[in-house]
Amino acid sequence: MLAVHGLIRASDRAVVEDLSAGPLHPRTVVGGQVAAVVSATPDEGPAAEDAVPHLDLLVELVARIPVLPFALGTLAPDDDAVRKEILAPEAERLRAQLDALEDLVELRVVLVFDPDVAAAAVAGEPEIAALARAARASRSGLGDRVALGEAVAQRVAERVDTLTEEWTRELAELADRSVVLSAAEQEVRIALLVRRDRVPAADAAVSRLREVAQRQAEIEYVGPLPAYSFLDEVAAPSSPPPTSRWGW
Amino acid sequence: MTMASVNRAPRPSSLADVLDVVLDKGIVIDAYVRVALVGIELLTIDARIVIASVDTYLRFAEAVNRLDLQPSEQVAGLPGLMDEMRQGGSRSKTRGALSGAKESAQDFISNLTGRGDDDEDEDGDSSGNGPSRRDRGDRRAPASRRAPQRG
């Protein structure tokens, strides 16, 4: 069985032979102007541990060439099935998608806000202080504590929104596109579609962001990744773009 | 380029976060007959916990009450929440849970095919010398999520 990791332009396939030795021993199956990057895999399919070498391979490729990633667990019985079912039916569209992604990579920024700092920042507000007094009153009950906590949680969420927008404005501006992947509890995950030549500028912006966010939030910064979060937009311009809460 | 100083990781460090990137994401070609998208057993995902809203509210209430009662330099914050993070394993594992709580917890739960073994390998770097997972018969991936097949 073959694991299908991603698609590249056929003209870039020498890069696959050139890769540093990983556990996968990838090779290419070429069909027209597009090539699938595949590796041998046991018939029963992937396990969770296969995720890391799969992503490592794609990351190594996207550092040099455009890559369309397949979901982990895409399996084909043989080269012929890859050619007939993946490459041949969509060759033109796939090549156009790869060309569209030529200069673009995805960067991810995760802001992890410190809940202690966030709660402390809103505790002094009059509404919160009043609710806190009510929750501490002798006849207060669970309802009072929930009301206080709900108000704090809401104010913390608003603060997280405001700070995220302020802190990531520079990054969003230098990206071609950006999207909030998730914003839950005190963690906001953002994906940025960035031109390769702007990655150093993004690096610099993240360095400044880390300075500004010091003690309030940890900043995780990952990439370049294949453009996972923007495939629908860049690779298939006809579909409507997903909307973020800030309308970036 | 000043790559060394910027601390940009080439990929997420935890297996849970890597899975979040690569599962169910990527291009889709809907003419598969022999090619298939096969589900995997998500051993790490069951460590993800979802903290219910009310529980979170109570912890915030506790935090603010404590702030009110103490001089500001002695702010203790959210001991309960932090304890829970530690209980749930490493910090990053729990953070993964929080990040997915609203949007993707449902997905992960629906993908969950059962409790895994006692594998606590958060790092997930399987390129080491340990015994191959293929030797462990209980970790087969069910072909539970085949792509829709069209003639």
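Residues numbered from 1 in each chain as written. Chains lettered and ligands numbered in written order. Predicted model: local features only at pLDDT ≥ 70, side-chain atom pairs only at ≥ 80, totals over all residues.

Undergrad: How do you make sense of the overall build of chain B when you look at a structure like this?
TA: Looking only at helices and strands, chain B features six helices and one strand. Burial status across chain B gives 35% buried among its 151 residues. Counting contacts in chain B only where the partners sit at least 6 residues apart, residues at least 24 apart contribute 80% of the total. (Helix = DSSP H or I, 4+ residues; strand = E, 2+ residues; numbered from the N terminus. Buried ≥ 20, exposed ≤ 12 C-beta atoms within 10 Å, placed from the backbone. Contact = placed C-beta atoms within 7 Å.)

Undergrad: I would appreciate a short explanation of the sheet that holds strand β7 (residues 177–184) of chain A in the present structure.
TA: Consider a sheet: its strands pair through backbone hydrogen bonds, and that pairing is either parallel or antiparallel. Residue and element names in this part refer to chain A. Pairing is antiparallel across the open sheet formed by four strands, whose spatial order is β7-β8-β6-β9. What marks the edges here is a single partner per strand, and that holds for β7 and β9 (217–225). For this sheet the average axis-to-axis angle between neighbouring strands, irrespective of direction, equals 15°. Sheet topology note: the strand β6 (residues 104–113)/strand β8 (residues 187–195) ladder contains nine bridges and is antiparallel. (Pairing = 2+ DSSP bridges. Axes fitted to C-alpha atoms, helices over the stretch in contact; angles between N-to-C directions.)

Undergrad: How should the pairing of β7(A) be read in this particular structure?
TA: Strand residues, when the strand is regular, have side chains that alternate between the two faces of the sheet. All names here are of chain A. Counting buried positions along β7 gives six out of eight residues, so the element sits mostly inside the fold. Of the strand pairs in this sheet, β7 and β8 are connected by seven bridges, and their pairing is antiparallel. Note that in β8 the partner of S178 across the bridge is L192. Hairpin geometry of β7 and β8 is characterised by an intervening segment of two residues between the two adjacent antiparallel strands and by a positive phi of about 50° at E185.

Undergrad: Hey, could you run me through the confidence of the model for chain B in this one?
TA: In low-pLDDT segments, the atomic positions of the prediction should not be examined closely. Residue and element names in this part refer to chain B. Chain-level statistics for chain B give a pLDDT mean of 53 and a share of 28% at 70 or above. Ranking the elements of chain B by mean pLDDT puts helix α5 (residues 91–100) last, at 38, and helix α2 (residues 15–22) first, at 86. This stretch, residues 43–52, has a pLDDT under 50; its non-local contacts, to residues over four places away or in other chains, come to 31 contacts. Below a pLDDT of 50 lies the segment residues 70–151, which in the model reaches 132 contacts outside its immediate sequence neighbourhood of four places, other chains included. Quick note on the complex model: pTM equals 0.69, ipTM equals 0.79. (pLDDT = per-residue confidence, 0-100.)

Undergrad: Even after reading the chapter, I still don't get the pairing of β6(A), so can you show me in this structure?
TA: Residues and elements named next belong to chain A. For β6, the tally of buried residues reaches 10 of 10 residues, placing the bulk of the element in the interior. Covered by surrounding structure in β6 are L104, E106, R108, V110 and V112 together with V105, L107, V109, L111 and F113, the residues of both alternating faces. Sheet topology places β6 next to β9; seven bridges connect them, and they run antiparallel. Pairing of V110 across the sheet is with E220, part of β9.

Undergrad: What should I look at first to understand the nonpolar core in this one?
TA: Inside soluble globular proteins, nonpolar side chains tend to come together where they are buried. By size, the foremost hydrophobic cluster in this structure holds 98 residues, and its most contacted members are A:A36, A:V152 and B:V64. Formed jointly, this core draws a minimum of three residues from each of two domains, domain 1 (2–102) and domain 2 (105–235) of chain A. Here A:A36 is in contact with A:V4, A:L7, A:T28, A:V29, A:V82, A:I86 and A:L87, once residues within four sequence places are set aside. (Core = buried A, V, L, I, M, F, W, Y, C linked by C-beta atoms within 7 Å. Domains from an automatic or database assignment.)

Undergrad: Which parts of the structure should I look at to understand helix α6 (residues 126–136) of chain A?
TA: All names here are of chain A. Residues of α6 that are buried: I128, L131, A132 and A135. Summarising the axial view, the buried residues of α6 lie within an arc of 105°, below the 170-degree limit, and thus occupy one face. Facing away from the buried surface of α6 by more than 90 degrees, the exposed residues are P126 and A130. (Arc of directions from axis to C-beta.)

Undergrad: Is there a simple way to think about the packing of helix α5 (residues 115–123) of chain A against helix α7 (residues 142–174) of chain A in this case?
TA: The axes of two packed helices give the description: the angle between them and the distance between them. Residues and elements named next belong to chain A. Two elements in contact, α5 and α7, have axes whose closest approach is 9 Å; the angle formed by their N-to-C orientations is 105°. The angle between the axes of α5 and α7 places the two elements in the roughly perpendicular class. The segment α5 lies against α7, with A118, A119, A121 and V122 engaging V152, R155, V156, R159 and V160. Its residues assigned to classes, the contact of α5 with α7 comprises seven nonpolar, no polar and two charged. (Parallel < 35°, antiparallel > 145°, perpendicular 65-115°, else oblique. Nonpolar A, V, L, I, M, F, W, Y, C, P; charged D, E, K, R; others polar.)

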